[in-house]
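# Architecture and fold: a report
The lines below spell out each chain.
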Amino acid sequence: MSVPNLSRRGVLALAGGSLAFLGARPALARGATLHVVSSGGFAAAYRALAPGFEKHSGDHLVIGWGPSMGETHDAVPARLKRGEPLDVLIMVGYALDQLAREGKVIPGSRVDLARSGIGMAVKAGAPHPATGSVEALKQALLDAKSIAYSDSASGVYIQNEMFAKLGIADAMKVKARMIPATPVGEIVARGEAEFGFQQLSELKPIAGIDILGPLPPELQKMTVFSAGVVRASRQRGEAEALIAYLASPAAAGAIRDSGMEPLGEPMRQRDRR
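Report follows, based on the coordinates. As the structure is a computational prediction, the values presented were derived from the model and not from experiment.

### Remarks on the overall build of the protein chain
Looking only at helices and strands, one finds 12 helices and 11 strands in the protein chain. Buried residues in the protein chain amount to 50% of all 273 residues. In the protein chain, 76% of the contacts between residues at least 6 apart in sequence involve partners at least 24 apart. Accessible surface computed for the protein chain: about 12100 Å², of which carbon and sulfur atoms make up 53%.

This is how it looks when you write it as structure tokens:
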């Protein structure tokens, strides 16, 4: 995605990993309020990065959280359907593309920010079953009394694909469940599920759980988290500046610390490779 409202000097500063580019936006009104909704997968990185953007841009960010898909009250599609005044969405990339096709996100505004793998967790202090291989994970799931997974991209994959790959879909029907709205790690920490799956970046901030690690490579499903501008936004320039900041080298450290791999490159540039 091009960022036409940033000066060339600002873009060069961005590429160098500096926050100075936010000061090179004379055409944009300072002190704007941007309404952002983010999937939980990017939440830890966003919380770390938002104060820096506000400090250097003078803009104010209002954040809401919700899954990229589904029909729960806070899900991104539900928010858009009821007309919430939103400017920027941070969510699963393919779900953002669907919103662009529906005319709710500006086509071509998508920028990929990070990639995240699925992790596994048990309650803190509970036994750690072997999960490092496909067969070990299969046995651990068969032995578990209860299993939880999210109602977003990782959980859809677990439910619709991974259990079938392991040949245990029927066995999972009686003890595995999708958790709407609540982080899976909290369900595991409260002892309401013995075993939990969610994006590693969503498990890491949760107290009271032990993270067993990522899925075995043969089963791993990487999810790309992307940002885009809502078509109804009245502050497109400021929205693009926020997305550029989240994709900049200055943001990479916080993204890595949250358990994700920073991408920080417009989708169309990578597609041309």
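Having seen it, we continue.
### A word on unusual backbone geometry
Residue A181 is not a glycine yet carries a positive backbone phi of 70 degrees. Its place among the elements puts A181 in the loop between β7 (176-179) and α8 (184-189).

### Some remarks on the pattern of salt bridges
Taken as a whole, this structure holds 11 salt bridges when the rule is applied. Where R79 meets D74, a salt bridge forms, and the shortest distance between an N and an O atom there is 3.5 Å. Taking the relative accessible area as the measure of exposure, R79 reaches 9% and is therefore buried. Via salt bridges that share partners, D74, R79, R82 and E84 belong to a single interconnected network.

### Looking at the sheet that holds strand β5 (residues 118-123)
With mixed pairing, the five strands of this open sheet are ordered in space as β7-β6-β8-β5-β9. The strands lining the two open edges of the sheet, one partner per strand, are β7 and β9 (209-214). Strand-to-strand twist across the sheet, computed as the mean angle between neighbouring axes with direction ignored, equals 25 degrees. Pairing of strand β6 (residues 147-150) with strand β8 (residues 195-199) involves three bridges; the strand directions are parallel. Each bridged residue has a counterpart across the sheet, and for Y149 the counterpart in β8 is F197. The sheet contacts of helix α6 (residues 153-166) involve β5, β6, β7 and β8, and relative to β6 the element is tilted by about 125 degrees.

### Considerations on the nonpolar core
Most often, soluble globular proteins have nonpolar side chains that are buried together. Ranked by internal contacts, the top residues of the largest apolar core, which has 42 residues, are F42, L89, I90 and L242. The residues contacting F42, other than those within four sequence positions of it, are I90, L113, A114, L246, I255 and M260. L137, Y157, F163 and F195 belong to the second largest nonpolar core, which has 22 residues in total.

### Looking at the packing of helix α2 (residues 43-57) against helix α11 (residues 249-257)
Geometrically, a packed helix pair is captured by the angle between its two axes and the distance between the axes. Their axes nearest at 8 Å, the elements α2 and α11 cross at an angle of 140 degrees. When the interaxial angle is binned, α2 and α11 end up oblique. Crossing handedness for the pair α2 and α11: right-handed. Each of A45, A48 and L49 in α2 lies in contact with α11, whose residues at this interface are A250, A251, A254 and I255. Residue composition of the contact of α2 with α11, grouped by class: seven nonpolar, no polar and no charged.

### Thoughts on the environment of S116
Looking at the element boundaries, S116 is found in strand β4 (residues 111-116). The exposure class of S116 is buried, given its relative accessible area of 0%. Each C-alpha atom, one on S116 and one on L200, is 6.9 Å from the other, the two residues being 84 residues apart in sequence.

### With respect to the pairing of strand β1 (residues 33-38)
Pairing geometry for β1 and strand β2 (residues 60-65), over six bridges, is parallel. Among the inter-strand pairings, T33 is bridged to a residue of β2, identified as H60. As for the winding sense of the linkage, the β-α-β connection from β1 through α2 to β2 is right-handed. Relative to strand β3 (residues 88-92), β1 runs parallel, the two sharing three bridges. Of the residues in β3, the one forming a bridge with S38 is I90.

### Focus: α2
Given a rise of 1.5 Å per residue, 15 residues ought to cover 21 Å, and the 20 Å separating the end C-alpha atoms of α2 matches this to within 8%. Of all the bends in α2, the greatest reaches close to 35 degrees and is centred on L49; the proline P51 follows between one and four positions later. Considered for burial, the residues of α2 that qualify are A43, A45, Y46, L49, A50, F53 and S57. Among the residues trailing α2, G58 stands out with phi positive, at a value near 80 degrees.

Analysis parameters
- Residues numbered from 1 in each chain as written.
- Predicted model: local features only at pLDDT ≥ 70, side-chain atom pairs only at ≥ 80, totals over all residues.
- Heavy atoms only, no water.
- Helix = DSSP H or I, 4+ residues; strand = E, 2+ residues; numbered from the N terminus.
- Buried < 20%, exposed > 50% of the residue type's maximum accessible area, 1.4 Å probe, protein only.
- Contact = heavy atoms within 4.5 Å.
- Areas by Shrake-Rupley, 256 points an atom, 1.4 Å probe, with all protein chains shown as cover.
- Salt bridge = Lys/Arg side-chain N within 4 Å of Asp/Glu carboxyl O.
- Pairing = 2+ DSSP bridges.
- Axes fitted to C-alpha atoms, helices over the stretch in contact; angles between N-to-C directions.
- Core = buried A, V, L, I, M, F, W, Y, C linked by side-chain atoms within 4.5 Å.
- Parallel < 35°, antiparallel > 145°, perpendicular 65-115°, else oblique.
- Left-handed = near helix turned anticlockwise from the far one by under 90°.
- Nonpolar A, V, L, I, M, F, W, Y, C, P; charged D, E, K, R; others polar.
- Right-handed = clockwise from strand over helix to strand, strands pointing away.
- Expected span 1.5 Å × (residues − 1).
- Bend = angle between axes of the 7 residues up to and from the residue.

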